[in-house]
Amino acid sequence: MASSSSSSSRTWRYRVFTSFHGADVRKTFLSHLRKQFNYNGITMFDDQEIERSQTIAPALIKAIKESRISIILLSKNYASSSWCLDELLEIVKCKEAMGQIVMTVFYGVDPSDVRKQTGEFGRSFNETCSRSTKEKRRKWSQALNHVGNIAGEHFQNWDNESKMIEKISRDISNKLNSTISRDFDDMVGLEAHLEEMKYLLDLDYKDGAMIVGICGPAGIGKTTIARALYSLLLSSFQLSCFVENLSGSDNRGLDEYGFKLRLQEQLLSKILNQNGMRIYHLGAIQERLCDQKVLIVLDDVNDLKQLEALANETSWFGPGSRIIVTTEDKGLLEQHGINKTYHVGFPSIEEALEIFCIYAFRKSSPPDGFKKLTKRVTNVFDNLPLGLRVMGSSLRGKGEDEWEALLDRLETSLDRNIEGALRVGYDSLQEEEQALFLHIAVFFNYNKDEHVIAMLADSNLDVKQGLKILTNKSLVYRSTSGKIVMHKLLQQVGRKAIQRQEPWKRHILIDAHEICYVLENDTDTRAALGISLDTSGINKVIISEGAFKRMRNLRFLSVYNTRYVKNDQVDIPEDLEFPPHLRLLRWEAYPSNALPTTFHPEYLVELDMKESQLEKLWQGTQPLTNLKKMDLTRSSHLKELPDLSNATNLERLELSYCKSLVEIPSSFSELRKLETLVIHNCTKLEVVPTLINLASLDFFNMHGCFQLKKFPGISTHISRLVIDDTLVEELPTSIILCTRLRTLMISGSGNFKTLTYLPLSLTYLDLRCTGIEKIPDWIKDLHELSFLHIGGCRNLKSLPQLPLSIRWLNACDCESLESVACVSSLNSFVDLNFTNCFKLNQETRRDLIQQSFFRSLRILPGREVPETFNHQAKGNVLTIRPESDSQFSASSRFKACFVISPTRLITGRKRLISLLCRLISKNGDSINEVYHCFSLPDQSPGTQSEHLCLFHYDFHDRDRYFEVDSEILFEFSCTPSDAYEIVQCGVGTYGEEIEQISDWSNASEEIETENISDDVNQYRDRHPCKSDKASKEANVKGHKRKGFWSWLRRR
């Protein structure tokens, strides 16, 4: 269905097109209607000079398409004219294709007679149809039924025709006024925001007034949404008023009562259009507006007193009134009892790119040469609309060199206009809340509440309450995984705030040159609580032996390199003494082979030493009860780990790419609070102790531990287990006791040949490129299993019956696979990939082709479209027409098949293969699109020969009137187009008697991919046999992940 955004963005030549029977209404009702329209400034198409004939004139078709609203005057002789009926068909098509508004007037006829073509109206209709074809009659009848169901004005219900005409004109004006102003055309995604707001506003509820909030961070678009909504709705209210920028309201020299009086005076003066209005008590708004239906927007509220003054009670306003409040502070809305609130989220990556391009290039996509730069801009501004708009305007018309220079500057400093808008929230905070804001901005972004609370445990800050205030003021928000997230630009606001402080008052040091001076010269910085040192661009960092001796209060030390440039010019003395109360030690590429002997980790909460030169950490047993996180990723020289038996609160331990590590110490068996253990690509690791006692262990990743032969005992609480690319030959029988296990990955383990009983909770099983020879029959009992990946299992000869829950099966490159049992028992939504399975027997091939399935894709080797597809053509285009007298209808269903033939080997990112089928009507309009894609494993030989791609499609789910042409063109395409060609295509059609999809399928109309853990995706190595990569969950943006390779795209 055409969206209202597409209709509102068009330029209409006429406001109204009227379809009528001339003899019935031209000299009477229509002439009066035209006069009223002229009086109200409504332009209506005039057909006086068009000569009537048996076929509708092209000028009329053009006029219908160029009109915003069509009015159908249904009179007793309307159906006696084939011209009128053909006009009607064109109007209905425009309604569906372009979102044209259609209104009806029943002038001397009953709506029931129009719908059913009965009575005198029906007799006229039948007489007209006797001179036409059956197909014409069917289309006319369908259109009359459709418009007969549109509520309109019924002449018999009025005793005064002039009043009726006035109402029609007023309704037309309201509908024209309700179109969104062109001022908002450049706001990407506006329609979705407005739909959400209209739902919350519940405009059909007219018994009382209602207050609705819009909240979100500065620069997200709250005011723009409110303005667009105000523009859309104001014509439906008796009085309306948009009160701008309340946060800037001046209350200097006024007490609270006087401040509220001034706000009420300003509102009433504006809404009643009486400048200089004076009031003398705070009941004035209620007295003047209690019987008026009003629309009021209170923009950028930042003080509860403002709400108390302007909208303290809904009873102040008449029935049907709506008050919209925009604010950064969700807490204000809660305090005022406003429980209907729309939180404006960040745009998607695609939307952010479009927002920027509209301002930078005045079009929705970047020109050649600017694509990488535009992506860099969206990354710098982290999808904040305000930043994207300001920078887009600033960069418009500039060359690539100017872009590069400006972007380099923006990565470390803020544009003045953007900073001014974002600083308001920070400046409104109390001193303690500002301190918490700065700590998060510099040290604790993307951490959970508990971690921040632990880090600041010995401070005087009320962290829990402070986080609530920052969240309510939209200065931080929670990701889908529960982490605290501060926008990148707000982090820069925090850094700017630190730079504005007097040097001797700074608790957090962030200036690299200042820090280097302090560390080299033992400068007295007793006030410092934290150091954040970015060594990018620093030629040499010299740290004196006593650098930290005067920093007794230092709690947080972070040394890192944002540009990932190796910097070996960091000199650390052997006897360096770290501050005694450190809670965070983050030092990337730490240059020594061990921590100093004087190092005391007693207060340490997080130890992060990625890419260090460490060979060991410390000797003996240390007090580690505060330690929650340890990350030694890519410390390739690390040979031994310390005794961690006292780390009783350790939750996360990451040892990825510690390629010198041979053994995990037995003390790990006592880490009862450990939730995540990653020993990814520890290529020399041979010994892992039993982990049965780790009652909290949820995720264990030992991918790429090539020397690991024996699978360690693990906790039965595990939910995600990755043992790819190891020498493990089988799983222990105790794995069935892991009743929470949902994800199991064993790909690339060539010695793995036997599958033992697995827990019923499993949803994702990856056996790619293993030596497995048989999938056991009991797999059909895994009723939660959704995804099964067996690609590259070259010894696998058959597949048993699979559970009904399977929705994705990839058997690519199973070169020995011959049979798949019970294909017909699979659910109708399952995606099946049998690329390069050349030994599939005829029975399996027949079942894969003939079984009914829906919204999914099947791929298997084949050179010709099967005969069951009764419409066939060479190449990628096929036109089908209904057989005999039957016609396509909205319930028609199709099955499609086309043959792709490889023209060259595809490599790299182009191993993703996209398939598209467009359905095009006889007049060239796109009816619909069906899109699928799949990918080949990284070291797959590629698609070796021709393959069949099959899918089914129908119109049955289209919840709207749909006029189907007498012929449909199917156009197939395959990307990358230079690697594949479509040599043949075929389509089969079904009638309405086609068998119904199973109950399971109907209950699962839209299937979403099981969320495979971020951890799994993050630590998967790029093994040569790796196939379809599950994209990381975008928890920061809160986006839902799409399915792996089969989604229907609708127009």
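Our structure is the block above this text.
Residues numbered from 1 in each chain as written. Predicted model: local features only at pLDDT ≥ 70, side-chain atom pairs only at ≥ 80, totals over all residues. Heavy atoms only, no water.

(A) Structural detail: the sheet that holds strand β3 (residues 101-107). Spatial ordering of the open sheet is given by β1-β2-β3-β4, a layout of four strands whose pairing is parallel. What marks the edges here is a single partner per strand, and that holds for β1 (14-19) and β4 (153-154). Note that β3 and β4 share two bridges and pair parallel. For V105, the partnering residue across the bridge sits in β4 and is E153. Taken strand by strand, helix α3 (residues 29-39) contacts β1, β2 (67-75) and β3, and its axis lies near 155° from that of β2. (Pairing = 2+ DSSP bridges. Helix = DSSP H or I, 4+ residues; strand = E, 2+ residues; numbered from the N terminus. Contact = heavy atoms within 4.5 Å. Axes fitted to C-alpha atoms, helices over the stretch in contact; angles between N-to-C directions.)

(B) Representation of the packing of helix α10 (residues 190-201) against helix α11 (residues 222-233) within the structure. Close contact between α10 and α11 brings their axes to 10 Å; oriented N to C, the two are set at 65°. Judged by the angle between their axes, α10 and α11 are roughly perpendicular. The two elements α10 and α11 cross, and the hand of that crossing is right-handed. In contact with L190, H193, L194, M197, K198 and L201 of α10, α11 contributes I225, A228, L229, L232 and L233. Of the residues assigned to the contact of α10 with α11, the class counts are nine nonpolar, one polar and one charged. (Parallel < 35°, antiparallel > 145°, perpendicular 65-115°, else oblique. Left-handed = near helix turned anticlockwise from the far one by under 90°. Nonpolar A, V, L, I, M, F, W, Y, C, P; charged D, E, K, R; others polar.)

(C) Quick peek at the pattern of salt bridges. In total, this model carries 31 salt bridges according to the counting rule given. Across the pair K198 and E195 runs a salt bridge, and its minimum N-O distance is 3.3 Å. With K198 and E195 both in helix α10, this residue pair falls three residues apart, about one helical turn. Looking at E195, the relative accessible area reads 43%, which means it is partly exposed. Here the salt bridges do not stand alone but share partners, grouping R586, D608, K610 and D631 into one network. (Salt bridge = Lys/Arg side-chain N within 4 Å of Asp/Glu carboxyl O. Buried < 20%, exposed > 50% of the residue type's maximum accessible area, 1.4 Å probe, protein only.)

(D) The packing of helix α20 (residues 416-427) against helix α24 (residues 488-500), seen in detail. Between α20 and α24, whose axes approach to 10 Å, the crossing angle comes to 80°. By the angle between their directions, the pair α20 and α24 is classed as roughly perpendicular. Note on element contacts: α24 touches α20 through L489, L490, V493, K496, A497 and R500, opposite I418, E419, L422, R423 and Y426. Considering only residue class, the contact of α20 with α24 consists of seven nonpolar, no polar and four charged.

(E) Region of interest: the sheet that holds strand β12 (residues 483-485). Sheet architecture is open: three strands sit in the order β10-β12-β11, paired in antiparallel fashion. Looking along the sheet, the strands with just one partner apiece sit at the ends: β10 (447-448) and β11 (477-478). In the sheet, β10 pairs with β12 via two bridges, with the strands oriented antiparallel. Bridging across to β12, N447 finds its partner in I484.

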